[in-house]
Amino acid sequence: MPVAVPAANSDSDVSAKLLDDEVPTSARGARPRLLTGDRPTGPLHLGHLVGTLRNRVRLQHDYDSTFIIADFHMLTTRNAPEQIAEIDANARGLVLDALSAGLDPARVTFYLQSLVPEVMELAGLFQSLVTVNRLERIPSLKDMARDSGQEMSFALLGYPVLQAADILAVRAEAVPVGKDNYAYVEVTREVARRFNARYGEVFPEPETIAGDVPTLVGTDGQRKMSKSLGNAIALGDPAPVVRKKVMGMYTDPNRLTADTPGRVEGNPVFAYLDAFGADAATIDDLKARYRTGAVGDVEVKAYLVEVLESILGPMRERREAFAAPGLVEALIEQGSASAREETQETLRRVRSAMGFTGVHRRLARRAARTR
Ligand code: TRP
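Anyway, here's the lowdown on the structure attached to this text.

### Concerning the overall build of the protein chain
Working step 1: The helix and strand inventory of the protein chain stands at 17 helices and five strands.
Working step 2: Its C-alpha atoms give the protein chain a radius of gyration of 23 Å, near enough to 21 Å, the size a compact globule of 371 residues would have.
Working step 3: The contacts in the protein chain between residues at least 6 apart in sequence include a share of 78% that link residues at least 24 apart.
Working step 4: If you sum the accessible surface of the protein chain, you get close to 17,600 Å²; carbon and sulfur atoms cover 53% of it.
Working step 5: Across the protein chain, 46 positive and 49 negative side-chain charges occur, with their mean positions spaced 8 Å apart.

Dropping the structure here:
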């Protein structure tokens, strides 16, 4: 079904044009499939752009691409009613972030996990294929428990199994993710292998697709960029905010004046220039001058602002083009219906491979004899 553009609304003219494409969102043709996504906990930032978003944009032409808004996953660390009440607004923000980065809404599918409840059944069926010991050895789960100030919940321990269900529900072959998700794709591969060996070939063994920069350091130069650590530049940040964040960035703490030789290694300003700059000659020149104390922090930072704006400026324009009320929501609604159908089809194959279909048929046949 082609994406329905909200009725006559002058604001949505640009979006209407962008959405007017022959490719139907629900057509799942011969192309291999890809699934990835995010929890609806807040806006995406520069780390997401180089960790996974650029891959998503690049791969949307070759893969039938589905993007999950993983609200059930969010519950593993944030399950307060106030946090649940923010899911729709955050989901809208995630989709706008993705569209601003260049995903084509006529080509890809966005869906909200809680609108596909069957994924929980699939995750439940996978639970007997993974040991507690295996999950307890995944470091990022312990980090998430620690960062949330909570004890490891049963749900958090099962996070990778639910993620395996998301990925295998659409029988995806590729999963473009940042470094902190590699371990979950490993679990997914194990689940697929074990399921296929025990019950018959149903699932592909999906590949991780690594980003250009698997982990981007935050503006504090200490930990990886993360919204909750307050060291992130969001993709939707207005230009003055970007400038302020860059000008306040950590650089080389030992460098007190512009003529002190500075350190380029471990300096997040140069890490960002490497990740986002296109002009290698200018960057090399700045590095050389920085090392000898021939350029000030302010000049390097001003150049970084320019580099980031050349990327974020056009993204702000694309975001505007999709901002018409209801447009993103319609995409999520239709995408969820499509992902749900696909998940139901996978479950039919799973129940059949496992033998449940036979069990249920025999039960029904015998029950019918008494009528
Ligand atoms: N774990 C992802 C995150 O870091 C979110 C997610 C849930 C996901 N299910 C997925 C990513 C399936 C890729 C594939 O927020």
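That shown, we press on.
### A closer look at the site of the ligand
Working step 1: Near the ligand you find 15 residues, and of these R39, Y159, Q163, D166 and N181 are the closest.
Working step 2: Side-chain polar atom of Y159 to a nitrogen atom of the ligand: 2.7 Å apart, as the coordinates give it.
Working step 3: Secondary structure elements with two or more residues in the shell around the ligand: β1 (33-38) and α10 (159-169).
Working step 4: Tallied by class, residues from the shell around the ligand come to seven nonpolar, five polar and three charged.

### Section: helix α2 (residues 46-59)
Working step 1: A rise of 1.5 Å per residue sets the reference length of α2, with its 14 residues, at 20 Å; its end C-alpha atoms lie 19 Å apart and thus fit the reference within 8%.
Working step 2: The largest bend in α2 comes to about 50 degrees, at T52.
Working step 3: A large share of α2 lies buried, amounting to 10 of its 14 residues.
Working step 4: Taken residue by residue, α2 has L46, G47, L49, V50, G51, T52, L53, N55, R56 and L59 as its buried positions.

### Examining a positive patch on the surface
Working step 1: There is a patch of like positive charges on the surface, built from R361, R362, R365, R366 and R369.
Working step 2: One can find R361 in helix α17 (residues 356-369).
Working step 3: Residue class for R361 comes out exposed when judged on its relative accessible area of 52%.

### Side note on the pattern of salt bridges
Any two side chains of opposite charge can pair if their charged atoms end up close together.
Working step 1: Using the criterion set out here, one finds 26 salt bridges in the structure.
Working step 2: With a shortest N-O distance of 3.3 Å, E345 and R348 are connected by a salt bridge. On the criterion of helical spacing, the pair formed by E345 and R348 is a turn pair, its members being three residues apart in helix α16 (residues 327-354).
Working step 3: Owing to a relative accessible area of 25%, E345 belongs among the partly exposed residues under this scheme.
Working step 4: Through salt bridges with shared partners, one network takes in D143, R146, D147 and R223.

### A closer look at the pairing of β1
Working step 1: In terms of burial, β1 is a largely internal element, five of the six residues being buried.
Working step 2: Direction of pairing for β1 relative to strand β2 (residues 64-69): parallel, over a ladder of six bridges. When the sheet's bridge partners are listed, T36 is paired in β2 with F67.
Working step 3: In this fold, the crossover linking β1 to β2 by way of α2 has right-handed handedness.

### Some details on the packing of aromatic side chains
Two descriptors summarise a pair of aromatic rings, namely the distance from one centre to the other and the angle between the planes of the rings.
Working step 1: Under the criterion given, the structure shown has eight aromatic pairs.
Working step 2: Ring geometry for F195 against Y199: centres 4.9 Å apart, planes inclined by 55 degrees, an arrangement best described as tilted. A residue pair is termed a helical-turn pair when its members lie 3 or 4 positions apart in one helix, as F195 and Y199 do in helix α11 (residues 182-199) at four residues.
Working step 3: With 6.3 Å between their ring centres and 85 degrees between their planes, Y272 and F276 make a pair best called edge-to-face. Taken together, the residues span about one helical turn, with Y272 and F276 both in helix α13 (residues 268-276) at a distance of four residues.
Working step 4: Ring pairs connect the aromatic residues F126, F195, Y199 and F203, which therefore count as one cluster.
Working step 5: R255 extends its terminal NZ or CZ atom over the ring of Y290, reaching a point 4.0 Å from the ring centre.

### Notes on the environment of G296
Working step 1: Checked against the element boundaries, G296 lands in the loop between α14 (280-292) and α15 (297-321).
Working step 2: The exposure class assigned to G296 is buried, which follows from its relative accessible area of 17%.

### Looking at α14
Working step 1: Taking 1.5 Å per residue, 13 residues should reach 18 Å; α14 reaches 19 Å between its end C-alpha atoms and fits that length.
Working step 2: All buried positions along α14 are accounted for by I283, L286, K287 and Y290. Buried residues of α14 fall within an arc of 100 degrees about the axis and therefore sit on the same side. Across from the buried face of α14, at angles greater than 90 degrees, the exposed residues are A281 and T292.

### Concerning the pairing of β2
Working step 1: Where burial is concerned, most of β2 is hidden: six out of the six residues are buried.
Working step 2: Neither face of β2 is left uncovered, since the one carrying D64, T66 and I68 and the one carrying S65, F67 and I69 both have all their residues buried.
Working step 3: Alignment of β2 against strand β3 (residues 109-112), held across four bridges, turns out to be parallel. The partner of I68 across the bridge, within β3, is Y111.

### Topic: the nonpolar core
Working step 1: Core analysis: the largest hydrophobic core is formed by 58 residues, its most contacted members being L46, L273, F276 and L308.
Working step 2: With nine residues, α15 is the largest single contributor of residues to this core.
Working step 3: Contact partners of F276, with chain neighbours within four places excluded, come to L46, L49, V50, R54, L216, V307, L308 and I311.
Working step 4: In terms of nonpolar packing, the next biggest core, distinct from the first, is built from 31 residues, L122, M144, Y184 and V202 among them.

About the criteria used
- Residues numbered from 1 in each chain as written.
- Predicted model: local features only at pLDDT ≥ 70, side-chain atom pairs only at ≥ 80, totals over all residues.
- Heavy atoms only, no water.
- Helix = DSSP H or I, 4+ residues; strand = E, 2+ residues; numbered from the N terminus.
- Rg over C-alpha atoms; globule rule 2.2 N^0.38 Å.
- Contact = heavy atoms within 4.5 Å.
- Areas by Shrake-Rupley, 256 points an atom, 1.4 Å probe, with all protein chains shown as cover.
- Lys, Arg positive; Asp, Glu negative; His and termini not counted.
- Charge placed at Lys NZ, Arg CZ, Asp CG, Glu CD.
- Near = heavy atom within 4 Å.
- Polar contact = N/O pair within 3.5 Å; in protein donor to acceptor, adjacent residues only side chain to side chain.
- Nonpolar A, V, L, I, M, F, W, Y, C, P; charged D, E, K, R; others polar.
- Expected span 1.5 Å × (residues − 1).
- Bend = angle between axes of the 7 residues up to and from the residue.
- Buried < 20%, exposed > 50% of the residue type's maximum accessible area, 1.4 Å probe, protein only.
- Patch = residues over 30% accessible without salt bridge, like charges linked within 9 Å, V, L, I, M, F, W, Y side chains within 5 Å.
- Salt bridge = Lys/Arg side-chain N within 4 Å of Asp/Glu carboxyl O.
- Pairing = 2+ DSSP bridges.
- Right-handed = clockwise from strand over helix to strand, strands pointing away.
- Phe/Tyr/Trp six-rings, centres within 6.5 Å; stacked < 30°, edge-to-face > 60°.
- Lys NZ or Arg CZ within 6 Å of the ring centre and 35° of its normal.
- Arc of directions from axis to C-beta.
- Core = buried A, V, L, I, M, F, W, Y, C linked by side-chain atoms within 4.5 Å.

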